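Residue-level listing of the chains:
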Amino acid sequence: MTIRVVVADDQELVRSGFAMILQVQPDIEVVAEAGDGAEAVEAVRRHAPDVVLLDIRMPRVDGIEAARTVCSESDCKVVMLTTFDQDDYVYEALHAGASGFLLKDVRRDDLVHAVRVVVAGDSLLAPSVARRLVADFTRRAVAVPAAGPSEELGALTARERETLVLLGRGLSNAEIAAELVVSEHTVKTHVSNVLSKLGLRDRIQAVICAYETGLIARGG
């Protein structure tokens, strides 16, 4: 299977650099490049790629709005290009449907790995990044129910709820396995069940869900 990719960034050197790295991979084809969000959306509509890399800050249409459109119109996976020290829109990008984040100084191998990971149905959320997102989320003025966990969590077993709490705290599968004293294979099953029962796209949405439903208290 060849993974079809669109690369969108208003900085030509960044865009072309990422495209060159991906294009030489035997299983990846860069089908288009875009200089802003509007061009990115049009490229996705025209080429139906598997993955689009979107810079958060672009002219005309920014990466978040482009991600929202792409995710609503297609099954294309969205990976945001960002710098955590500058971007204040991480949470909005998650809500728009992004499956992961890459820092713009990402290593060559990590870029290639990221594309393959999201196509496989996983989210690109390293534990260190997850914890940063959780910290960012809890600082933001986002309404979170104060009366305890939402009724929608009723479909989860007790162990699945525990798993969701640990996902929300940014733990990796290995760390969750150690916390629950189970195998990583069992954790993967629990994670899969949580996502399926709650209709979540990936682990990133699970982080959001854990906070928005009140399962994890803000700042807790």
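Throughout what follows, the structure given in this document is the object of discussion. (Residues numbered from 1 in each chain as written. Predicted model: local features only at pLDDT ≥ 70, side-chain atom pairs only at ≥ 80, totals over all residues. Heavy atoms only, no water.)

### Quick look at the overall build of the protein chain
A count of helical and extended segments in the protein chain gives 10 helices and 5 strands. Every one of the 220 residues in the protein chain was classed for burial, and the buried ones make up 52%. The long-range share in the protein chain, meaning contacts at least 24 apart out of those at least 6 apart in sequence, stands at 68%. When the accessible surface of the protein chain is totalled, it reaches about 10,400 Å², and 49% of it is carbon and sulfur. (Helix = DSSP H or I, 4+ residues; strand = E, 2+ residues; numbered from the N terminus. Buried < 20%, exposed > 50% of the residue type's maximum accessible area, 1.4 Å probe, protein only. Contact = heavy atoms within 4.5 Å. Areas by Shrake-Rupley, 256 points an atom, 1.4 Å probe, with all protein chains shown as cover.)

### Side note on helix 1 (residues 12–23)
With 12 residues, helix 1 extends 16 Å from end C-alpha to end C-alpha; this agrees with the ideal 16 Å at 1.5 Å per step. Along helix 1, the residues that are buried comprise Val14, Arg15, Phe18, Ala19, Ile21 and Leu22. Along the axis of helix 1, the buried residues cluster in a sector spanning 165 degrees; they form a single face. Of the exposed residues in helix 1, the ones pointing more than 90 degrees away from its buried face are Glu12, Leu13 and Met20. The elements touched by buried residues of helix 1 are strand 1 (3–8), strand 2 (28–34), strand 3 (51–55), strand 4 (77–82) and helix 5 (108–119). (Expected span 1.5 Å × (residues − 1). Arc of directions from axis to C-beta.)

### Regarding the pairing of strand 1
When you tally the buried positions in strand 1, you get 5 out of 6 residues, the bulk of the element. In this sheet, strand 2 lies alongside strand 1 in parallel orientation, the contact comprising 6 bridges. Paired with Ala8 across the two strands is Ala34, which belongs to strand 2. Of the pairings in the sheet, the one linking strand 1 to strand 3 comprises 4 bridges and is parallel in character. Counted as the bridge partner of Ala8 is Leu54 from strand 3. (Pairing = 2+ DSSP bridges.)

### A closer look at the side chain of Arg15
For Arg15, the position within the fold is in helix 1. For Arg15, a relative accessible area of 14% translates into the label buried.

### Thoughts on the nonpolar core
In this structure, Val52, Leu54, Val70, Val78 and Met80 are the most contacted members of the largest nonpolar core, which totals 28 residues. When contributions to this core are tallied by element, the ones reaching two or more residues are strand 1, strand 2, helix 2 (37–47), strand 3, helix 3 (63–73), strand 4, helix 4 (90–96) and helix 10 (203–212). Residues within four places of Val70 in sequence aside, it is in contact with Val41, Val44, Val52, Cys76 and Val78. Counting 22 residues, the second-largest nonpolar core is a separate cluster that includes Leu167, Leu171, Leu195 and Ile216. (Core = buried A, V, L, I, M, F, W, Y, C linked by side-chain atoms within 4.5 Å.)

### Focus on the state of the cysteines
This model, assessed by the stated rule, comprises 0 disulfides. Free cysteine: Cys71, not disulfide-bonded; nearest cysteine sulfur from Cys76 at 7.6 Å. (Disulfide = S-S within 2.5 Å.)

### Overview of unusual backbone geometry
The phi torsion at Arg60 lies on the positive side, around 65 degrees, for a residue other than glycine. Within the chain, Val181 stands out as a residue other than glycine whose phi angle is a positive 55 degrees. If you trace the backbone, Val181 turns up in the loop between helix 8 (173–180) and helix 9 (184–198). Using a relative accessible area of 70% as the deciding quantity, one classes Val181 as exposed.

### Quick look at the sheet that holds strand 5 (residues 100–103)
Backbone-to-backbone hydrogen bonds join strands into a sheet, with any given pair of strands oriented parallel or antiparallel. In space, the 5 strands of this open sheet follow the order 2-1-3-4-5, with parallel pairing throughout. Of all strands in the sheet, those with a lone pairing partner are strand 2 and strand 5, marking the two edges. This sheet shows a mean twist of 25 degrees between the axes of neighbouring strands, independent of strand direction. Summarising the sheet, strand 4 and strand 5 pair through 4 bridges and their orientation is parallel. Residue pairing for strand 5: Thr82 is matched across the bridge by Leu103. Across the sheet, helix 3 is in contact with strand 3 and strand 4; its angle to strand 4 comes to roughly 175 degrees. (Axes fitted to C-alpha atoms, helices over the stretch in contact; angles between N-to-C directions.)

These figures come from the coordinates and say nothing about function on their own.
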